[in-house]
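If you want the building blocks of each chain, they are given just below.
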Amino acid sequence: MKIMQVEFVISAVEPHQYPVDALPEIALAGRSNVGKSSLINKLIQRKGLARTSSQPGKTQQLNYYRVNERLYLVDFPGYGYAKVSKVQRAQFGEMIERFLSDRDPLKMVLQIIDIRHPPSKDDCLMYDWLKHFDIPVCVVTTKADKIPRSKWDKHVKVIKETIGFKAGDQHVLFSSETGLGRDELWAVINGAIAQEQEESIEVSFE
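Here the structure is a predicted model, which means the values were calculated and not measured.

*Asks:* Hey, could you run me through unusual backbone geometry in this one?
*Replies:* Most peptide bonds take the trans form, and the phi angle of most residues other than glycine is negative. Within the chain, Asn33 stands out as a residue other than glycine whose phi angle is a positive 65 degrees. Assignment of secondary structure puts Asn33 in the loop between strand S2 (25–30) and helix H1 (36–44).

*Asks:* Quick question: what am I supposed to make of the pairing of strand S6 (residues 137–142) here?
*Replies:* Looking along a regular strand, one sees side chains alternate from face to face of the sheet. By the criterion of burial, S6 is predominantly enclosed, with six of the six residues buried. Neither face of S6 is exposed, since Val137, Val139 and Thr141 on one face and Cys138, Val140 and Thr142 on the opposite face are all buried. Of the pairings in the sheet, the one linking strand S5 (residues 106–114) to S6 comprises six bridges and is parallel in character. Looking at S6, one finds that Val109 is bridged to Val137. Handedness of the crossover joining S5 and S6 through helix H3 (residues 121–132): right-handed. Across four bridges, the pairing between S6 and strand S7 (residues 170–173) is parallel. Its bridge partner lying in S7, Val139 is registered against His171. Note on the crossover from S6 through helix H4 (residues 152–163) to S7: the handedness is right-handed.

*Asks:* Hey, could you run me through the pairing of S5 in this one?
*Replies:* Most of S5 is tucked away, with nine of its nine residues classed as buried. Across six bridges, S2 lies against S5 in parallel orientation. Counterpart to Gly30 in the pairing with S5 is Ile112.

*Asks:* How do you make sense of the sheet that holds S6 when you look at a structure like this?
*Replies:* Strand pairing in a sheet relies on backbone hydrogen bonds, with the paired strands running either antiparallel or parallel. Within the open sheet, the seven strands sit side by side as S1-S3-S4-S2-S5-S6-S7. Their pairing is mixed. At either end of the open sheet lies a strand with only one pairing partner, and these are strand S1 (6–12) and S7. Each adjacent strand pair in this sheet contributes to an overall mean axis angle of 25 degrees, direction not counted. Contacts from H1 reach S1, S2, strand S3 (62–67), strand S4 (71–75), S5 and S6, with the element oriented near 160 degrees to S4. Contacting S2, S5 and S6, H3 runs over the sheet at an angle of about 160 degrees to S5.

What counts, and at which threshold
Residues numbered from 1 in each chain as written. Predicted model: local features only at pLDDT ≥ 70, side-chain atom pairs only at ≥ 80, totals over all residues. Heavy atoms only, no water. Helix = DSSP H or I, 4+ residues; strand = E, 2+ residues; numbered from the N terminus. Buried < 20%, exposed > 50% of the residue type's maximum accessible area, 1.4 Å probe, protein only. Pairing = 2+ DSSP bridges. Right-handed = clockwise from strand over helix to strand, strands pointing away. Axes fitted to C-alpha atoms, helices over the stretch in contact; angles between N-to-C directions. Contact = heavy atoms within 4.5 Å.

See below:
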């Protein structure tokens, strides 16, 4: 996908702060320090637009990036940071659950998992949430450049088995360093948006 225009729009906390222009939204979820910001920057080919918080796990906001006036990338705050209080975790959970259950423009969630490590309990919980709310999901195993190519399949298998990866969901192997998987991931995103638009047309003619 050729990137013509990208802009940071807002860090939203409450629903009234979310954009109201009804552009399709693709959210990114993952543990703190899993590499979401680097992935976003590689997707949009802009160095440093998505910045990592100086206090991982502290930023309880949804960061909206508008791409080509066509869609939003919505960066969830990282989860699973050990120093976050129980109260903060509960607030994060409530915000994300509300977003996942009520946000009509949301077309897909990219769940980012570090290929080097087995999924955490929080990773499994997030995947279960997405299945519960029947939200299309693509699991993106990032940092592929950090392990030998010969070990990719083994690590991906462990990740899929641990989260209970369902047939019909999609997976993309990704590296923010080399660009591996960038074109494939954009194809997945464009496919999710196109499918939603086709379904809307079908409904309008019924």
